[in-house]
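A closer look at the structure
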Amino acid sequence: MSPPAADSTAPRIPQEIAEAAMEWWVELQSEPVTADMQAACLLWRQAQPEHEQAWQIILGAHGRLRASGLPSALAHATLTAPRRRPQRRKAIKTLVALAFVGSAALTARHQGIVTPWLADYRSGVGQRRDILLADGSQVALDTGTALDVRFDEHARCLRLLVGQIHIATAPDSARPFFVDTAQGRAQALGTRFTVRQDEGYSRVAVFEGAVALTPRLGGQRRVLAAGEQAGFDLQAIGPSSTASDSAAAWRQGMLIALDMRLDDFLAELGRYRSGWVICDPQVAALRVSGSFPLADTDRALEALANTLPVEIAWRTRYWVAVRPPQGAG
Amino acid sequence: MADDALHSFTSLYTEHHGWLKDWLRRRLASGDQAADLAHDTFLRVLSQREPVVPDTPRAFLTTIAQRVLASHFRRQYLEQAWLEVLAQQPELAAPSEETRALWLEALCEIDRLLDTLPPLVRKAFLLSQLDGLSHAEVAAELGISIATVKRHIVKAGTLLYFAQ
């Protein structure tokens with residue numbers, strides 16, 4: 001399992017460009033805004049691709065802040081009061097009262113990835129969530145997923161920030177249905193499919209209908225038919241392979257392995273747990289087949305020890321190593 | 001991660017995890033929290049993506065653990081302030097637990113990103129960008145000039161909007 005990512009795939013905007021973009025943003029919110037000022041701002045945005053990127057980042061982040069529904073009174077009371085030393089005893093009582101909030105927040109933190117803040121829809125590690133979109137499309141969020149939804153009169157657009165989703169689209173001939181990832185775009189052509197955002201890589205599997213893939217920086221576009229899956233990075237789409245429904249078994253709370261390498265299997269299982277699952281290189285190439293319940297990944301790990309020549313070593317609940325048996329024998 | 005780095009991380013974890021948990025437990029109310037924060041500390045070590053072979057591993061871990069503790073206490077403070085607001089304005093308690101959990105997480109994230117800024121700068125930013133007040137209205141509310149309001153918004157926005 002790879003270490004948690006500290007950064008995201010989006011390019012980093014230089015500080016001075018970020019500041020300049022904020023200055024333009026603030027100017028355009030002044031009263032009155034003249035046509036000259038708007039024209040000058042547009043010129044600045046067009047001067048360099050990074051200017052436009054910075055502008056779009058502000059638009060997106062500001063939109064999410066406004067759409068978060070965060071009550072003003074709450075934000076001001078908590079964020080703009082002068083700092084004071086936390087009162088230990090009171091704080092402990094608060095923690096008890098807020099046990100539900102605490103556990104949700106801890107889960108997100110233990111995911112190790114900084115979940116894109118204020119995403120429209122999210123699921124924590126080990127959670128799955130079903131949502132119904134305004135057009136009747138159904139979306140299932142797999143473990144550790146963050147998703148933004150933007151619908152307007154021209155298009156239905158999802159942005160998968162991290163994790164995996166399964167989509168059953170509702171028909172709407174007037175508005176195309178897109179899923180954007182860091183690497184590019186998948187357009188639904190009447191369909192049921194999954195999209196997954198890994199680090200530096202996106203994957204799409206189609207179960208019904210078809211999906212058109214377009215990497216962000218590559219002109220090449222390819223249509224995947226039902227039963228096909230493929231991955232893509234910023235430039236290119238990888239070879240297609242067969243997509244079986246077992247790839248979406250997570251929706252039923254199962255992980256189905258068919259002759260899967262043990263290290264791949266553990267990486268997959270690890271997405272549903274907090275902490276790390278370490279695979280010893282000596283056993284990495286062993287093969288795993290079977291169905292495993294995602295609700296109890298501890299049990300899934302123990303089950304491995306019954307069928308494979310491996311031992312499960314628990315250091316803490318966050319740290320598990322799968323290795324060759326090292327017992328008395 | 002390279003095998004070497006993973007190996008040195010593993011040995012750091014194996015040799016010092018118990019000690020770190022004890023160190024944290026002495027500063028916290030419960031053992032469960034100590035386990036969680038020890039985990040957070042190692043997570044930060046990992047995400048720095050640097051070879052973990054400090055000459056003085058415990059001093060190294062303590063430095064990072066202190067940062068983890070500070071944000072833990074800050075979070076407790078935010079939760080406390082938040083409960084007080086909910087107590088005064090019960091209508092805010094109406095949304096689902098999930099919505100409230102997301103709000104709290106957003107608050108903590110904003111708080112963390114704007115950590116270095118004084119309350120007045122945060123306030124100017126929130127009044128303009130969250131509440132949608134005009135620059136003149138923000139200036140009147142805070143008793144500062146419009147130019148200062150703009151400067152505050154630029155400062156906070158550069159930190160918050162461009163956070164990855």
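Presented here is a report on the structure given in the accompanying data block. None of the values given here were measured: they were computed from a predicted structure.

1. Brief notes about the overall build of chain B
Across its full length, chain B holds 7 helices and 0 strands. For chain B, the N- to C-terminal ordering of α and β elements is α-α-α-α-α-α-α. Here chain B holds 164 residues, and the buried ones make up 52% of them. Nonlocal contacts in chain B, meaning residues at least 24 apart in sequence, comprise 56% of its contacts between residues at least 6 apart. Summing over all exposed atoms, chain B offers an accessible surface of approximately 7,300 Å²; the carbon and sulfur share of this is 53%.

2. What about the overall build of chain A?
Regarding its fold elements, chain A presents 8 helices and 16 strands. A total of 329 residues make up chain A; the buried ones form 47% of that total.

3. Digging into unusual backbone geometry
Residue and element names in this part refer to chain A. Positive phi, close to 50°, is recorded for Asp 259, a residue that is not glycine. Relative to the elements of secondary structure, Asp 259 occurs in strand E12 (residues 254-261). Relative accessible area serves as the criterion here: at 47%, Asp 259 is assigned to the partly exposed category.

4. Points about the packing of aromatic side chains
One pass over the full model with this rule turns up 4 aromatic pairs over all chains. A ring pair is formed by Tyr 13 of chain B and Phe 42 of chain B, whose centres lie 4.6 Å apart and whose planes are at 55°; its orientation type is tilted. Of the two residues, Tyr 13 of chain B is situated in helix H1 (residues 3-25) and Phe 42 of chain B in helix H2 (residues 31-47); the sequence distance between them amounts to 29 residues. The exposure class of Tyr 13 of chain B is buried, given its relative accessible area of 2%. Given the relative accessible area of 0%, Phe 42 of chain B is considered buried. Arg 185 of chain A extends its terminal NZ or CZ atom over the ring of Phe 178 of chain A, reaching a point 3.8 Å from the ring centre. In this structure, Arg 27 of chain B packs its charged tip against the face of Trp 23 of chain B, placed 3.8 Å from the ring centre.

5. Details of the nonpolar core
In terms of nonpolar packing, the biggest core is built from 49 residues, with Met 22 of chain A together with Phe 125, Tyr 161 and Phe 162 of chain B touching the most fellow members. By residue number, the principal contributor to this core is helix H1 (residues 15-28) of chain A, which donates 7 residues. Those residues within four positions of Phe 125 of chain B in sequence are excluded, and the remaining contacts are Leu 65 of chain A together with Leu 130, Ile 153, Ala 156, Gly 157, Leu 160 and Tyr 161 of chain B.

6. A closer look at the environment of Gln 76 of chain B
Residues and elements named next belong to chain B. Within the secondary structure layout, Gln 76 lies in helix H3 (residues 57-88). Residue classification places Gln 76 among the buried positions, given a relative accessible area of 4%. Along the sequence, Gln 76 and Cys 108 sit 32 residues apart, while their C-alpha atoms lie 9.9 Å from each other.

7. Here we look at the pattern of salt bridges
Inspection of the entire model under this criterion finds 20 salt bridges over all chains. Note that Arg 323 of chain A is salt-bridged to Glu 311 of chain A, the shortest N-O span being 2.8 Å. In this pair, Arg 323 of chain A sits in strand E16 (residues 319-323) while Glu 311 of chain A sits in strand E15 (residues 311-316), placing the two residues 12 residues apart along the sequence. We classify Arg 323 of chain A as partly exposed; its relative accessible area is 22%. For Glu 311 of chain A, a relative accessible area of 22% corresponds to the partly exposed category. Residue Arg 25 of chain B pairs with Asp 22 of chain B through a salt bridge whose shortest N-O separation is 3.1 Å. With Arg 25 of chain B and Asp 22 of chain B both in helix H1, this residue pair falls 3 residues apart, about one helical turn. The partly exposed category is assigned to Arg 25 of chain B, whose relative accessible area is 37%.

8. Details of the environment of Asp 135 of chain A
All names here are of chain A. With respect to the helices and strands, the residue Asp 135 is situated in the loop between strand E2 (129-132) and strand E3 (138-141). Asp 135 gets classed as buried once you look at its relative accessible area, which sits at 17%. Spatially, the C-alpha atoms of Asp 135 and Ala 170 are 6.5 Å apart, while their sequence positions differ by 35 residues. A polar side-chain atom of Asp 135 sits 2.5 Å from a polar atom in the side chain of Arg 156.

9. So, the packing of helix H6 (residues 135-142) of chain B against helix H7 (residues 146-160) of chain B
Residues and elements named next belong to chain B. At their nearest, the axes of H6 and H7 sit 9 Å apart, and the two run at 105° to each other. By the angle between their axes, H6 is roughly perpendicular relative to H7. Judged by residue contacts, His 135, Ala 136, Val 138 and Ala 139 of H6 engage Ile 146, Val 149, Lys 150 and Ile 153 from H7. Residues of the contact of H6 with H7, tallied by class, amount to 6 nonpolar, 1 polar and 1 charged.

10. Some thoughts on helix H5 (residues 119-129) of chain B
Counting buried residues along H5 of chain B, 8 of its 11 residues qualify, which places the element largely inside the surrounding structure. Taken together, the buried positions of H5 of chain B are Val 121, Arg 122, Ala 124, Phe 125, Leu 126, Leu 127, Ser 128 and Gln 129 of chain B.

11. Observations regarding helix H3 (residues 49-67) of chain A
Given a rise of 1.5 Å per residue, 19 residues ought to cover 27 Å, and the 27 Å separating the end C-alpha atoms of H3 of chain A matches this to within 8%. Within the sequence span of H3 of chain A, burial applies to His 51, Ala 54, Trp 55, Ile 58, Ala 61, His 62 and Leu 65 of chain A. Looking down the long axis of H3 of chain A, one finds its buried residues gathered within 135° of arc, a one-sided arrangement. Set apart from the buried face of H3 of chain A by more than 90 degrees, the exposed residues are Pro 49 and Ala 67 of chain A. As for H3 of chain A, its buried residues are in contact with H1 and helix H2 (35-47) of chain A together with helix H4 (97-113) and H5 of chain B. The first or second residue beyond H3 of chain A is Gly 69 of chain A, which carries a positive phi of 70°.

Reading the values: rules and limits
- Residues numbered from 1 in each chain as written.
- Chains lettered and ligands numbered in written order.
- Predicted model: local features only at pLDDT ≥ 70, side-chain atom pairs only at ≥ 80, totals over all residues.
- Heavy atoms only, no water.
- Helix = DSSP H or I, 4+ residues; strand = E, 2+ residues; numbered from the N terminus.
- Buried < 20%, exposed > 50% of the residue type's maximum accessible area, 1.4 Å probe, protein only.
- Contact = heavy atoms within 4.5 Å.
- Areas by Shrake-Rupley, 256 points an atom, 1.4 Å probe, with all protein chains shown as cover.
- Phe/Tyr/Trp six-rings, centres within 6.5 Å; stacked < 30°, edge-to-face > 60°.
- Lys NZ or Arg CZ within 6 Å of the ring centre and 35° of its normal.
- Core = buried A, V, L, I, M, F, W, Y, C linked by side-chain atoms within 4.5 Å.
- Salt bridge = Lys/Arg side-chain N within 4 Å of Asp/Glu carboxyl O.
- Polar contact = N/O pair within 3.5 Å; in protein donor to acceptor, adjacent residues only side chain to side chain.
- Axes fitted to C-alpha atoms, helices over the stretch in contact; angles between N-to-C directions.
- Parallel < 35°, antiparallel > 145°, perpendicular 65-115°, else oblique.
- Nonpolar A, V, L, I, M, F, W, Y, C, P; charged D, E, K, R; others polar.
- Expected span 1.5 Å × (residues − 1).
- Arc of directions from axis to C-beta.

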